[in-house]
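Structural description and commentary
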Amino acid sequence: VVSLEAHPRVSVVEAALQRARFNVEVVADAKSLVWGKLVVNAAINPLTALLRVPNGELLNRPSARVMMKALADETAAVALAQRVRLPFLNPGEAAEMVARKTAANHSSMFQDVRRGAPTEIDAICGAVAKVGERHGIATPVNRVCWQLVQAIGIGQGLGRGGHRKFVGGQADLRVDSLVPAQHFAGVRAHPAQDGRHAALGPGLGLVDRIAGSNAGK
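Predicted, not measured: the structure shown is a model, and the values here were computed from it.

Considering the packing of helix 2 (residues 30-51) against helix 3 (residues 62-81)
The contact between helix 2 and helix 3 brings their axes to 9 Å, and the two run at 145°. Read as a crossing pair, helix 2 and helix 3 show a hand that is right-handed. Contact residues: helix 2 offers Trp35, Leu38, Val39, Ala42, Ala43, Ile44, Pro46, Leu47 and Leu51, while helix 3 offers Ala64, Met67, Met68, Leu71, Ala72, Thr75, Ala76, Val78 and Ala79. A per-class count over the contact of helix 2 with helix 3 returns 17 nonpolar, one polar and no charged.

Digging into the side chain of Glu74
For Glu74, the location among the structural elements is in helix 3. It turns out Glu74 is buried and unbridged, and the closest side chain with the opposite charge, Arg143, is 8.3 Å from it. Those residues within four positions of Glu74 in sequence are excluded, and the remaining contacts are Ala138, Thr139, Pro140, Val141 and Asn142.

Some remarks on unusual backbone geometry
Of note in the backbone geometry, Arg52 takes a positive phi value of approximately 55° without being a glycine. Residues other than glycine seldom take positive phi values, yet Arg83 does so here, at roughly 65°. As for its placement among the helices and strands, Arg83 is situated in the loop between helix 3 and helix 4 (91-101).

Looking at the packing of helix 2 against helix 4
For the pair helix 2 and helix 4, the least separation of the axes is 9 Å and the interaxial angle reads 65°. Relative to helix 4, helix 2 is oriented roughly perpendicular. Every pair of crossing elements has a handedness; the one defined by helix 2 and helix 4 is right-handed. Between helix 2 and helix 4, the residues in contact are Val39, Val40, Ala43 and Ile44 and Pro91, Ala94, Ala95, Val98 and Ala99, respectively. Of the residues contributing to the contact of helix 2 with helix 4, the split by class is nine nonpolar, no polar and no charged.

Details of helix 4
Turning to helix 4, its buried residues are Pro91, Gly92, Ala94, Ala95, Glu96, Val98 and Ala99. On its buried side, helix 4 packs onto helix 2 and helix 3. Its side-chain oxygen at 3.1 Å from the backbone nitrogen of Gly92, Asn90 defines the N-terminal cap of helix 4.

Focus: helix 3
Between the first and last C-alpha of helix 3 there are 29 Å, a value that for 20 residues agrees with the 28 Å anticipated at 1.5 Å per step. Of the residues making up helix 3, those classed as buried are Ala64, Met68, Leu71, Ala72, Glu74, Thr75, Ala76, Val78 and Ala79. Arg83 sits one or two positions beyond helix 3 and adopts a positive phi of about 65°.

Parameters and conventions
Residues numbered from 1 in each chain as written. Predicted model: local features only at pLDDT ≥ 70, side-chain atom pairs only at ≥ 80, totals over all residues. Heavy atoms only, no water. Axes fitted to C-alpha atoms, helices over the stretch in contact; angles between N-to-C directions. Helix = DSSP H or I, 4+ residues; strand = E, 2+ residues; numbered from the N terminus. Left-handed = near helix turned anticlockwise from the far one by under 90°. Contact = heavy atoms within 4.5 Å. Nonpolar A, V, L, I, M, F, W, Y, C, P; charged D, E, K, R; others polar. Buried < 20%, exposed > 50% of the residue type's maximum accessible area, 1.4 Å probe, protein only. Lys, Arg positive; Asp, Glu negative; His and termini not counted. Salt bridge = Lys/Arg side-chain N within 4 Å of Asp/Glu carboxyl O. Parallel < 35°, antiparallel > 145°, perpendicular 65-115°, else oblique. Polar contact = N/O pair within 3.5 Å; in protein donor to acceptor, adjacent residues only side chain to side chain. Expected span 1.5 Å × (residues − 1).

See the structure below:
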């Protein structure tokens, strides 16, 4: 699924994507969609990677559940500072709902850690911590998870942080680029939970990878 932010000229892009057999939807606010996914991914992915458990197991461990809520709340606070209106009222409940619906799934970060591959931790908890710092917002749980998952990468010989590089020099968010940058200048692509959903919004800029685009996978 590709979500396009409503714009007078979006019909051209919508038609092109439909011809390429993408399932397209038009949304009012792409930033809201992207940050909503970031809240959920920040809450689920690092914990499943550190504990090496499927998503639903976080709900069965009281301490993990507390941390999941803290991660979601911190990320939501940063989103608010960025003047983003999230698509839900309760960040912790939204994260728990996704964990429940994808209970048997292994997050993309857990899978990366398990096979010794680079993770998206810098683009998830790292991005939240950096943007939060710019706004004077403390994000201690995101920062600790960021450093711990980085430590796993170093231990696996992936180099400092064990992470993928930024493509566009963006420190806020990164996503899997489903649409080549040269095709949509000034547009950012953001995949969703299934890794096959992108949100495109005018003026957002193309980046590489957002936090745990496959939290549900």
